[in-house]
Every structure is written in structure tokens, then in C-alpha cells.
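# Descriptive analysis of the structure
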Amino acid sequence: MLNQLTIAQLQTMLAGRKASSREVMRACLEQVQRIDGHLGAFLSYDAADALAQADAADEALAAGATYTERPLLGIPVAIKDVIAVKGQPLNCASKILGNFVSPYDATVIEKLRAAGAVVFGRLNMDEFAMGSSTENSAFQLTRNPWDPTRIPGGSSGGSAAAVSADECIAALGSDTGGSIRQPASFCGCAGIKPSYGRVSRYGLVAYASSLDQIGCLAKTVEDAGIVLEVLSGPDNRDSTSAPQPVPRFRQGLAGDIKGTRLGLAKEYMLGGLDPEVKGAVAAAVENLQKLGAEVIEVSLPHTDYAVATYYIIATAEASANLARFDGIRYGQRVEGKDPIELYGKTRGAGFGAEVKRRIILGTYVLSSGYYEAYYLRAQKVRTLIRQDFLNAFERVDAILTPTCPTPAFKIGEKSSDPLQMYLSDIFTLSCNLAGICGISIPCGFTSGPRPLPIGLQLLGSPFGEASLLRVAHAYEQSTGWHKKTPLFSD
Ligand code: GLN
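Residues numbered from 1 in each chain as written. Predicted model: local features only at pLDDT ≥ 70, side-chain atom pairs only at ≥ 80, totals over all residues. Heavy atoms only, no water.

## A word on helix α8 (residues 275–290)
- Taking 1.5 Å as the rise per residue, α8 with 16 residues should run 22 Å; its terminal C-alpha atoms sit 23 Å apart, in good agreement.
- For α8, the set of buried residues is Val277, Ala280, Val281, Ala284, Val285 and Leu288. For α8, the angular spread of the buried residues around the axis is 145 degrees, confining them to a single face. Facing away from the buried side of α8 by over 90 degrees, the exposed positions are Pro275 and Lys290. (Helix = DSSP H or I, 4+ residues; strand = E, 2+ residues; numbered from the N terminus. Expected span 1.5 Å × (residues − 1). Buried < 20%, exposed > 50% of the residue type's maximum accessible area, 1.4 Å probe, protein only. Arc of directions from axis to C-beta.)

## Details of the packing of helix α7 (residues 221–231) against helix α15 (residues 465–477)
- Look at α7 against α15: their axes get within 9 Å of each other, and the N-to-C directions meet at 155 degrees. On the basis of the axis angle, α7 is roughly antiparallel to α15. Facing α7, whose interface residues are Val221, Glu222, Gly225 and Leu228, α15 presents Glu465, Leu469, Ala472, His473 and Glu476.
- Taken together, the residues of the contact of α7 with α15 break down into four nonpolar, two polar and three charged. (Axes fitted to C-alpha atoms, helices over the stretch in contact; angles between N-to-C directions. Parallel < 35°, antiparallel > 145°, perpendicular 65-115°, else oblique. Contact = heavy atoms within 4.5 Å. Nonpolar A, V, L, I, M, F, W, Y, C, P; charged D, E, K, R; others polar.)

## Quick word on the site of the ligand
- Close contacts around the ligand come from 15 residues, with Thr176, Gly177, Ser179, Tyr207 and Tyr310 the closest.
- Here an oxygen atom of the ligand and a backbone polar atom of Gly178 are 3.3 Å apart.
- Within the side chain of Arg358, an N or O atom sits 2.8 Å from an oxygen atom of the ligand.
- For the ligand, the accessible surface in isolation is 290 Å², of which the surrounding protein chains cover 99%.
- By residue class, the composition of the shell around the ligand is five nonpolar, seven polar and three charged. (Near = heavy atom within 4 Å. Polar contact = N/O pair within 3.5 Å; in protein donor to acceptor, adjacent residues only side chain to side chain. Areas by Shrake-Rupley, 256 points an atom, 1.4 Å probe, with all protein chains shown as cover.)

## Here's the deal with the environment of Ser424
- In this structure, Ser424 sits in the loop between α13 (418–423) and α14 (429–434).
- For Ser424, a relative accessible area of 7% translates into the label buried.
- The contact partners of Ser424, leaving out residues within four places of it in the chain, are Ser132, Cys404, Pro405, Phe409 and Lys414.
- A distance of 2.7 Å separates a polar side-chain atom of Ser424 from the backbone oxygen of Met421.

## Comments concerning the side chain of Ser102
- Looking at the element boundaries, Ser102 is found in the loop between β2 (76–80) and α4 (107–114).
- Within the structure, Ser102 has its side chain in polar contact with the backbone oxygen of Tyr104 (distance 2.6 Å).
- Among residues more than four places away in sequence, those in contact with Ser102 are Ala84, Val85, Lys86, Gly87, Gln88 and Leu90.

## A look at the pattern of salt bridges
- In the structure shown here, the tally under the stated rule is 22 salt bridges.
- Ionic pairing is found between Glu465 and Arg198, a salt bridge with its closest N-O pair at 3.0 Å. A residue pair is termed long-range when its members are at least 10 positions apart, and Glu465 in helix α15 and Arg198 in the loop between β5 (190–193) and β6 (213–218) qualify at 267 residues.
- According to the relative accessible area criterion, Arg198 is buried, its value standing at 2%.
- Among the charged side chains, a salt-bridge network with shared partners connects Glu110, Asp235 and Arg237. (Salt bridge = Lys/Arg side-chain N within 4 Å of Asp/Glu carboxyl O.)

## Remarks on the side chain of Gln213
- Its location among the elements puts Gln213 in strand β6.
- On the basis of relative accessible area, Gln213 is assigned to the buried category, the value being 1%.
- Ignoring any residue separated from it by four or fewer positions in sequence, one finds Gln213 in contact with Gly173, Ser174, Asp175, Lys193, Pro194, Ser195, Tyr196, Gly197, Arg198, Val199 and Arg201.

## What to know about the pairing of strand β8 (residues 294–298)
- With five bridges joining them, strand β7 (residues 261–265) and β8 adopt parallel strand pairing. Looking at the pairing, Ala265 lines up with Val298 of β8.
- Once you follow β7 into α8 and on to β8, the crossover reads as right-handed. (Pairing = 2+ DSSP bridges. Right-handed = clockwise from strand over helix to strand, strands pointing away.)

## Topic: the sheet that holds strand β4 (residues 170–175)
- Strands sit in the order β1-β3-β2-β4-β6-β5-β10-β11-β9-β7-β8 across an open sheet of 11 strands; the sheet is mixed. Among the strands making up the open sheet, the edge pair consists of β1 (42–44) and β8. Within this sheet the neighbouring strands show an average axis-to-axis angle of 35 degrees, counted without direction.
- Strand direction decides the pairing type here: strand β9 (residues 398–402) and strand β11 (residues 453–460), joined by five bridges, are antiparallel. Bridge assignment links Leu400 to a residue of β11, and that residue is Leu458.

## Some details on the nonpolar core
- The biggest cluster of nonpolar side chains holds 159 residues, and the ones touching the most others in it are Leu112 and Phe128.
- Sort the elements by how many residues they give to this core and helix α9 (residues 306–321) lands first, with nine residues.
- Dropping the residues within four chain positions of it, Phe128 is found in contact with Cys92, Ser94, Ile96, Leu97, Val205, Tyr207, Leu322, Phe325, Phe351 and Val355. (Core = buried A, V, L, I, M, F, W, Y, C linked by side-chain atoms within 4.5 Å.)

## A short note on the packing of α9 against helix α12 (residues 372–395)
- Closest axis-to-axis distance for the α9/α12 pair is 9 Å, and the angle between their directions is 125 degrees. Judged by the angle between their axes, α9 and α12 are oblique. Here α9 runs over α12; the crossing is left-handed. Here α9 contributes Ala306, Thr309, Ile312, Ile313, Ala316 and Glu317 to the contact with α12, which in turn contributes Tyr374, Tyr375, Ala378, Gln379, Val381, Arg382 and Ile385. (Left-handed = near helix turned anticlockwise from the far one by under 90°.)

## Thoughts on the packing of aromatic side chains
- Overall, the coordinates contain 19 aromatic pairs when judged by the stated rule.
- Their ring planes at 70 degrees and their centres at 6.0 Å tell us that Phe128 and Phe351 sit as a pair that is edge-to-face. One end of the pair, Phe128, is in the loop between β3 (118–123) and α5 (157–164); the other, Phe351, is in the loop between α10 (339–350) and α11 (353–366), and 223 residues separate them in sequence. Each member of the pair, Phe128 together with Phe351, is buried.
- An aromatic cluster of at least three residues, connected via ring pairs, comprises Phe100, Phe128, Phe325, Tyr330 and Phe351.
- Sitting above the plane of the Phe409 ring, Lys414 keeps its charged end 4.8 Å from the centroid.
- Lying over the aromatic face of Phe445, Lys484 brings its terminal NZ or CZ to 5.0 Å of the ring centre. (Phe/Tyr/Trp six-rings, centres within 6.5 Å; stacked < 30°, edge-to-face > 60°. Lys NZ or Arg CZ within 6 Å of the ring centre and 35° of its normal.)

Geometric values such as these leave the question of function open.
Below is the structure:
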């Protein structure tokens, strides 16, 4: 079925007129209509608009457009509900933005459109991207396509579930502390968080501005490379986007990885690591050695402080960024007798419990008297964490870790214990603190009646996406994990 194919496969089929974009889009829509009532990945979608975009792509193909110029021509790409698409709801899965429609396209959406993509649907997420399970969405639960009693990960849980269940061909997500890589790992797809500055964030609703990046979730590493190449590059509307040249990621995938040096961080060998995750990652390391990579031990000595550092910096920045949702400028309003009461009532009714918790924590760590003890100290530790990685990258081309200590957990298992939820981010947070790039790809499955995907994380130096993708692709091609399909897709 067309919705099960990769971007690379569809490029060949569409260019050879073996299928039309309308047929691809229809196949995705049929899958959404068939399963999404139970899966819950999409908050909304506009079928007529998607089909009209597909028709326009078919016309462009008929007029001679090529995939060299427009690599995503006619390919349905779904969007996390935190990225602005003109004329579509932009709710960040929050009640406070419940009636908000975006007046403009984010830069990444402009770039997708220029590349010919069919921009389709709004994907569920944790409210304002705060969470690791998508249970913090104010609107609905998203299930894991491999086991509907489990969460899909978060915060880009809708993106990972939709890609994995073949409801779209690829999806955009955002990653502040793991929100692309962790759900990719739980749902068995490829998910890349680019280096800080690689992709413009104009049109991304900010959570923690020094950590946020937009990236993509896809069925293969090659597809992730194709989409990332489209998204990347400097943008004068985002002063934090970097003036780095954009490599030809897809072309760079060719070739072997003989002599590539890979690092294993001794601080990541935690006691609490699930034995099946540990086993799958160890097998992946052996596999990479067979492919010719050299694996050495590296040290990231400040790893122990990553969770605490992240949850100080992220909440501090979130408390500032979320101040704009005051009932005056955007979204919902609850009236009050004066502006102060209006703000209080609007924010009290509009934000969910986790978002309030983060705003309170963030305001506390920034308050006078505590600023030096928490925020300032966290910034210093962050520099040490970044330095640990830069030191390690003097010796290795990439670092290998599990993406998460466990496979996908049960719905409700951690939602009443925020600390347990925060601790599950242990392997993904440092990448954002250090501003480096990271990818998660499937490296095995758990045993049992409903096998769950296990993710391998590869971390690369700042703007080192090309070599990261090359190693990930070589590994993926030597395994069949990415070809397995979940229950929901049968
Ligand atoms: N789970 C982390 C958090 O709750 C990361 C979320 C993200 O990357 N957006 O902050």
C-alpha cells in the first residue's frame, strides 16, 4: 500500500508515474480514517486541503517538475501542533490556545511547500511540548501503535505514532530534551534532532529557547536525511539559525563506515537500564564493529547533573516564554474585574497541571535570592556538559547510547509521578544542553507477545549531521528493524 512506502520509494514511483500524489494522499487519509479514532495521533486534519495540495503536485509532475529540484513533491508530511501552518489550528495541545488559528507559515513549512510536500494535519503532543508520554495533551490520548495499552512517548508522540502506523510518510516534531528521539525510539522510527541553529525556529511556539530545535521523524534514515536537507539552513527571521552550509545529507549516506570511531560513554551504563534495552544496544555495538567501526570508551563526567540542569534551565525559559499567554493577545480568555484577575483566571483555566508546575518551578529558580543558587549554577554546569561532549568528539565521530532506559511504558504508569517521568529523559537531555545533534533509530525489539521497539541513540558533534546520518544509515541497512510494522498498521 502506498502509505507504507518511504519517501525514497515514492519519489521513484511518482516520477515514473506509477502512482499519483492524490493516490498516496488518499491512502494516508484512509489509514487515518481507519485507525486514528483509536490511535489518537491527529488532533485535526483537512482532507480537502490535503487532496488539493496533492493535485497541485500531480500537475507539477505532469508539467515536468523533478525530484532534484523538489525532493518532497507530492509527499504527505504531517505536522506537530507546535509549528505554525497558515490557516490551520495552532493549539500546542493546550486549552489556552484552543481557538487559535495561525496567521502565517513557519519557515520550515515554507520550505516544505517549496520542496513540494503536501502539508497535512495537526499532530498530538504534550501540552506546549512539556512531557515524555503525550499524556499531557489537553485534548486526547495517543496510543503506541505497537501496543495500544502503552504511551507513544513524547512530547512528539502524535508524530511518532502517525509515522509508525503509516498515517503519513514523514512528520515534523520539535525536540527540547528528547521529544523527537524518545517517541521515535518508543514507536520504532527514525527521529533526528539537528544541532542548535541548523533549522530555523521561526513559527515554532517556544518552550525553552536555548534548547528547542525542529527536526523530523521518518521511516528510514535516508528519508530523515531527505527531509532534514529541505528544512536546514539560515533564516534571517531567526537570529539563532546558523550561517552554516547545508551538506547534501542524502548523497553523503553512500559509502562504508570502516575506520569510523564510535564512543561508548561509561557514565551511561546505568544500573536501572532495562536488560533487554541493554542487550539490544550491546548487539548494535557489535554489529557496528562488524561493519568496520572502531568502538572506544569515552567519558562524559558531568552526566549525573544533566537531569537537574535541564529541568532548571527548561523551566526558567518556559516561565518567561509562556508569559505571553495572558488572555489578551492569544487564544482563550476568562474575563475578570481587572487585568490581573483576567490573567489569573485565563491562565488558571487554560494551562494544564504540568505546564503550571513548570511555570512555578521556573519562576522560583529565576527569583531574586535563588537565581544564583539555581539558574546561574545550572548555566555553568551546562557549559561543563557541553565541554564533556566537545572533548569526547576530539576522539570519536559519534557517541552511542540507548535512547531511553526502558521501552514504552504503560498509559498512566508515570503520569502521577513527575520525577519518574523526568528521569526517563536521562539519555536525551544532554544533547540539547550541549547544542549537538542526535538521532534515534530502531535497534531491536523486546520479547513477549507484543514486542516493543528499542531505540539506539547516536550523538554527533555540532553540525555533524552528515556523518551521524551516514553511520545510522549503515547500521540500519545491515538490520531489518526498520521494516517491521506495528499492530495498528496491519
Ligand atoms: N521530556 C522533556 C520535557 O518534558 C523533553 C520535552 C521536549 O523535548 N520537548 O521537558
